Amino acid sequence: MRRRTFTLAALAAGTALPGTAAWSADAFPNKPLKLIVGFAAGGGADVLTRIIAEGLAKQLGQQVIVENRPGADGVLAAQATSSAKPDGYTLLMGTNTAMVAAPTLRPTPPYDPFKAFTPISSAGQFSMFLVVPTSLPVKSVNELLALVASKPGALNSASSNSASELAMLQLLGDRKVVNARYKGDMQAMTDLLGGQIQMMFTTGTLAPGFVKEGRIRALVTLLPQRSALLPDVPTGGELGLGKLTITPWAGFFGPPGLPQAITDRLSQELQNTLKRPEVHAQLVQQGFEGYGMSPAKFAEFFRAQYDAFGATVREHNVKFE
């Protein structure tokens, strides 16, 4: 009885027991971390995740291993994170696709995003561009919309996530195209360049290079301001497309029940990582605006994004198929 009493008292006081090591947030991490991303290698989310993972490894002094789990709008990656041990060693690079679109669009949501995860920090905002192959005889959004209207159901669009699909629906309205779903942007871009696909929303990771080579045209950006990567591409606001409200973002999440001390430590290290000059420079080259938030601020941002996305889905009567 005396030994048990001593043990409980020691745990309550945070004192190390004989033969054990004292736990503290300062001792974290003492082994490699795993950062899961729900998209295929080579795509925008994967490239950005690897840039941040390299910087975070320098911040923490531990290896950060990126694990790709593509498919199901990032749901597979999210579920793998949600079921992981809440010790800070398994994190999710979650995008609005898995964290907002999937729970909002599906008749039976795969999880409650506010109960299945611990918000840690924002990562930032993706640059997204509507692109078409240069072989398509259009040079503006209005010309594209007129072409789609003149050939209902004859043209193809591509997507690798629900957010880009919803943006396309917002753009097209009641005009009909056939959408092809891909596991990643790279595969979709290959078919766009080959002429099998006529339009898609893609990230700043892929679009600028192909635009500069003259292989595709970028017609509009989903960013609220023009991108430095493609400064000639107008915003939806400039074109009077106020209905284009989808802004793809990314953030870091842990499993539910992640201790507050570890959550705070990871959030601070991620915020510092995004401020590292070499990380910032690489993200800018990919058309990604990186910025971190405290766990509380990120939770507020997450809730606001979820509510706004849900309102858009209801307004357009979008249903998951």
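Heads up: these notes are all about the structure in this document.

Analysis parameters
Residues numbered from 1 in each chain as written. Predicted model: local features only at pLDDT ≥ 70, side-chain atom pairs only at ≥ 80, totals over all residues. Heavy atoms only, no water. Helix = DSSP H or I, 4+ residues; strand = E, 2+ residues; numbered from the N terminus. Buried < 20%, exposed > 50% of the residue type's maximum accessible area, 1.4 Å probe, protein only. Contact = heavy atoms within 4.5 Å. Areas by Shrake-Rupley, 256 points an atom, 1.4 Å probe, with all protein chains shown as cover. 1 Å grid on protein atoms, 1.4 Å probe; cavity = no way out; pocket = protein on both sides within 12 Å on 5 of 7 lines; lining within 4 Å. Points joined across faces, edges and corners; volume = space filled by probe spheres on them. Nonpolar A, V, L, I, M, F, W, Y, C, P; charged D, E, K, R; others polar. Core = buried A, V, L, I, M, F, W, Y, C linked by side-chain atoms within 4.5 Å. Salt bridge = Lys/Arg side-chain N within 4 Å of Asp/Glu carboxyl O. Pairing = 2+ DSSP bridges. Axes fitted to C-alpha atoms, helices over the stretch in contact; angles between N-to-C directions.

### Here's the deal with the overall build of the protein
Then comes step 1: Across its full length, the protein carries 11 helices and 11 strands.
Then comes step 2: For the C-alpha atoms alone, the extent of the protein along its principal axes is close to 85 × 40 × 30 Å.
Then comes step 3: Across the 321 residues of the protein, 52% fall into the buried class.
Then comes step 4: A separation threshold of at least 6 residues defines the contact pool for the protein, and within that pool the share at least 24 residues apart is 75%.
Then comes step 5: Carbon and sulfur atoms form 53% of the exposed surface of the protein, whose accessible area is close to 14500 Å².

### Description of the layout of surface pockets
Then comes step 1: In this structure, the second largest pocket spans a volume of roughly 210 Å³.
Then comes step 2: Considering the residues around the second largest pocket, the lining is formed by 14 residues, among which Ser127, Ser227, Gly287, Phe288 and Glu289 are closest to the centre.
Then comes step 3: Secondary structure elements with two or more residues in the lining of the second largest pocket: helix 10 (277-285) and strand 11 (288-290).
Then comes step 4: Considering each element in turn, the lining of the second largest pocket owes the most residues, 3 residues, to strand 11.
Then comes step 5: Each residue belonging to the lining of the second largest pocket can be placed in one class, and the counts come to 5 nonpolar, 7 polar and 2 charged.

### A short note on the nonpolar core
Then comes step 1: Core analysis: the largest hydrophobic core is formed by 80 residues, its most contacted members being Leu130, Leu144, Leu171 and Phe201.
Then comes step 2: For this core, the leading source of residues is helix 2 (residues 44-60), giving 8 residues.
Then comes step 3: Grouped together as the second largest cluster of nonpolar side chains are 16 residues, Val131, Tyr182, Ile197 and Ile216 included.

### As for the pattern of salt bridges
Then comes step 1: Within this structure, the stated rule accounts for 11 salt bridges.
Then comes step 2: For Lys34, the salt bridge goes to Glu67, with nearest N and O atoms at 3.6 Å. Taken together, the residues span a long stretch of sequence, with Lys34 in strand 1 (residues 33-37) and Glu67 in strand 2 (residues 64-68) at a distance of 33 residues.
Then comes step 3: Residue class for Lys34 comes out partly exposed when judged on its relative accessible area of 29%.
Then comes step 4: The partner of Glu165 in a salt bridge is Arg181, with the nearest N and O atoms 2.8 Å apart. Separated by 16 residues along the polypeptide, Glu165 in helix 6 (residues 162-172) and Arg181 in strand 7 (residues 178-181) bring together distant segments of the chain.
Then comes step 5: Overall, the relative accessible area of 40% leaves Arg181 in the partly exposed class.
Then comes step 6: Bridged by salt links that share partners, the residues Lys34, Glu67 and Arg69 form one connected network.

### Structural notes on the sheet that holds strand 6 (residues 156-159)
Then comes step 1: On the basis of which strands lie adjacent, the open sheet formed by 5 strands has the order 7-6-8-5-9 and mixed pairing. Only two strands of the sheet have a single partner each, and these edge strands are strand 7 and strand 9 (216-221). Averaged over all neighbouring strand pairs, the angle between strand axes comes to 30°, with direction disregarded.
Then comes step 2: With 4 bridges connecting them, strand 5 (residues 128-133) and strand 8 (residues 199-203) associate as antiparallel partners. Among the inter-strand pairings, Phe129 is bridged to a residue of strand 8, identified as Thr202.

### Some thoughts on the side chain of Thr235
Then comes step 1: Here Thr235 shows up in the loop between strand 9 and strand 10 (249-254).
Then comes step 2: Other than its neighbours up to four places away in sequence, Thr235 contacts Val220, Thr221, Leu223, Pro224, Gln225 and Arg226.

### Here we look at the sheet that holds strand 1
Backbone-to-backbone hydrogen bonds pair the strands of a sheet. The strands run either parallel or antiparallel.
Then comes step 1: Spatially, the 6 strands line up as an open sheet ordered 2-1-3-10-4-11, and their pairing is mixed. Edge positions in the open sheet fall to strand 2 and strand 11, since each of these has one partner strand only. Across this sheet, the average inter-strand angle for adjacent strands is 25°, counted without regard to direction.
Then comes step 2: In the sheet, strand 4 (residues 118-126) pairs with strand 10 via 6 bridges, with the strands oriented antiparallel. Within the sheet, the bridge partner assigned to Pro119 lies in strand 10 and is Phe253.
Then comes step 3: Of the strands in this sheet, strand 3 (90-95) and strand 10 touch helix 4 (residues 96-105), which is tilted by about 65° from strand 3.

### Some words on unusual backbone geometry
Then comes step 1: The step from Phe28 to Pro29 runs through a cis peptide bond, and the omega angle for that step is -5°.
Then comes step 2: Note that Pro29 resides in the loop between helix 1 (2-13) and strand 1.
Then comes step 3: Phi is positive for Ala72, which is not a glycine, with a value near 60°.
Then comes step 4: Assignment of secondary structure puts Ala72 in the loop between strand 2 and helix 3 (75-82).
Then comes step 5: By relative accessible area, Ala72 is classed as partly exposed at 37%.

### Notes on empty space enclosed by the protein
Then comes step 1: Tallied over the entire structure, the rule returns 2 cavities of 30 Å³ or more.
Then comes step 2: Reported here for the largest cavity is a volume of approximately 190 Å³.
Then comes step 3: Lining the largest cavity are 16 residues, and of these Phe39, Ala45, Ser160, Asn161 and Thr203 lie nearest its centre.
Then comes step 4: Counting residues per element, the ones that place at least two in the lining of the largest cavity are helix 2 and helix 4.
Then comes step 5: Here the lining of the largest cavity is built from residues that sort into 6 nonpolar, 9 polar and 1 charged.
Then comes step 6: Counted as a void, the second largest cavity has a volume near 40 Å³.
Then comes step 7: Lining of the second largest cavity is provided by Gly38, Phe39, Gly74, Ala77, Leu92, Met93, Gly94, Thr95 and Ala98.
Then comes step 8: If you tally residues by element for the lining of the second largest cavity, the top one is strand 3, at 4 residues.

Don't take any of this as a statement about function, it's just geometry.
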